[in-house]
Amino acid sequence: MTKIGKIFIWVIVLVAVVLVVYFLGRDVKKEEVIDKTLPAYNYENQILGKAEDLLSFTILPGAKMPNGILSYRGSIKGGWFFEGNILINILDQNKVPLLQSNAVATSDWMTAEAVDFEGNVDFTNLPKGPAYFEIHNDNASGEPEFDKFIQIPIVIE
């Protein structure tokens, strides 16, 4: 074999090695990016109840609640308030109430449109672990068929 033939073979081998390393490295990088940017599906982070009525809220599913007082704000479709009041409950993972509170409307609550609300919850001395932040309509009639709720999974720290 001539000197030019040997050089040609070495160039082909070198190009093949570079391409293999490039494509293998590229696939690993794609998997790493996917793993870091797309969280695993977790059924426990789903909002339960009439989630479609909640237009915005400062507490996201799976959020960690600090020990102490937490302020929150949100916007929900009308029909959840009575006298500008909406009920807030903190439930344990078995949906047993740990704390009952309320939030108040900060915009006109006598509408079917969006109603802004805000409130505070004190997580001091609540048991740590999985829980739910429940928004419950203030059902003045007391009739169970008119009850509405939204339960957002949280973690009490």
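Rules used in this analysis
Residues numbered from 1 in each chain as written. Predicted model: local features only at pLDDT ≥ 70, side-chain atom pairs only at ≥ 80, totals over all residues. Heavy atoms only, no water. Helix = DSSP H or I, 4+ residues; strand = E, 2+ residues; numbered from the N terminus. Buried < 20%, exposed > 50% of the residue type's maximum accessible area, 1.4 Å probe, protein only. Contact = heavy atoms within 4.5 Å. Areas by Shrake-Rupley, 256 points an atom, 1.4 Å probe, with all protein chains shown as cover. Polar contact = N/O pair within 3.5 Å; in protein donor to acceptor, adjacent residues only side chain to side chain. Pairing = 2+ DSSP bridges. Lys, Arg positive; Asp, Glu negative; His and termini not counted. Salt bridge = Lys/Arg side-chain N within 4 Å of Asp/Glu carboxyl O. pLDDT = per-residue confidence, 0-100.

What to know about the overall build of the protein chain
Of the regular secondary structure elements, the protein chain holds one helix and nine strands. When the helices and strands of the protein chain are listed from N to C terminus, the series reads α-β-β-β-β-β-β-β-β-β. Here the protein chain holds 157 residues, and the buried ones make up 30% of them. Put simply, of all contacts in the protein chain between residues at least 6 apart along the chain, 64% involve residues at least 24 apart. Per element, the accessible surface of the protein chain, about 10,600 Å² overall, is 60% carbon and sulfur.

A few points about the environment of Asp108
With respect to the helices and strands, the residue Asp108 is situated in the loop between β6 (97–105) and β7 (114–122). Counting along the chain gives 30 residues from Asp108 to Gly78, while the straight-line C-alpha distance between them is 9.1 Å. For Asp108, the side chain forms a polar contact with the main-chain nitrogen of Met110, separated by 3.1 Å.

Side note on the pairing of β6
Pairing analysis gives seven bridges linking strand β5 (residues 85–92) to β6, with the strands arranged antiparallel. Its bridge partner being in β6, Ile90 is matched across the sheet by Leu99. Taken together, β5 and the strand that follows it, β6, pair antiparallel across an intervening segment of four residues, in which Lys95 is found at a positive phi of about 65°. Looking at chain direction, β6 and β7 are connected through two bridges and run antiparallel. Across the sheet, the residue bridging to Val104 is Glu118, located in β7.

Some details on the side chain of Asp92
Mapped onto the elements, Asp92 comes out in strand β5. Comment: no salt bridge for buried Asp92; closest opposite-charge side chain is Lys95, at 9.3 Å. Of the polar contacts made by the side chain of Asp92, one reaches the backbone nitrogen of Asn94; its length is 2.8 Å. In contact with Asp92, other than residues within four places in its own chain, are Leu98, Pro130, Ala131 and Tyr132.

Structural notes on the confidence of the model for the protein chain
For the protein chain, the mean per-residue pLDDT works out to 85, and 83% of the residues sit at or above 70. Across residues 27–43, where pLDDT falls below 50, the model places one contact with residues more than four positions away in sequence or in other chains.

Comments concerning the pattern of salt bridges
Two side chains of opposite charge can pair, provided their charged atoms sit close to one another. Per the counting criterion, the structure on display carries two salt bridges. Salt-bridge contacts for Glu52 lead to Lys50; the nearest nitrogen and oxygen are separated by 3.6 Å. The partner of Asp53 in a salt bridge is Lys77, and the shortest N-O contact between them spans 4.0 Å. Here Asp53, found in the loop between β1 (48–49) and β2 (54–57), pairs with Lys77, found in strand β4 (residues 69–77); they are 24 residues apart in sequence, far enough to count as distant. Note on Lys77: relative accessible area 34%, which makes it partly exposed.

Some details on the side chain of Asp53
Note on Asp53: relative accessible area 8%, which makes it buried. In contact with Asp53, other than residues within four places in its own chain, are Ser75, Ile76, Lys77 and Trp80.

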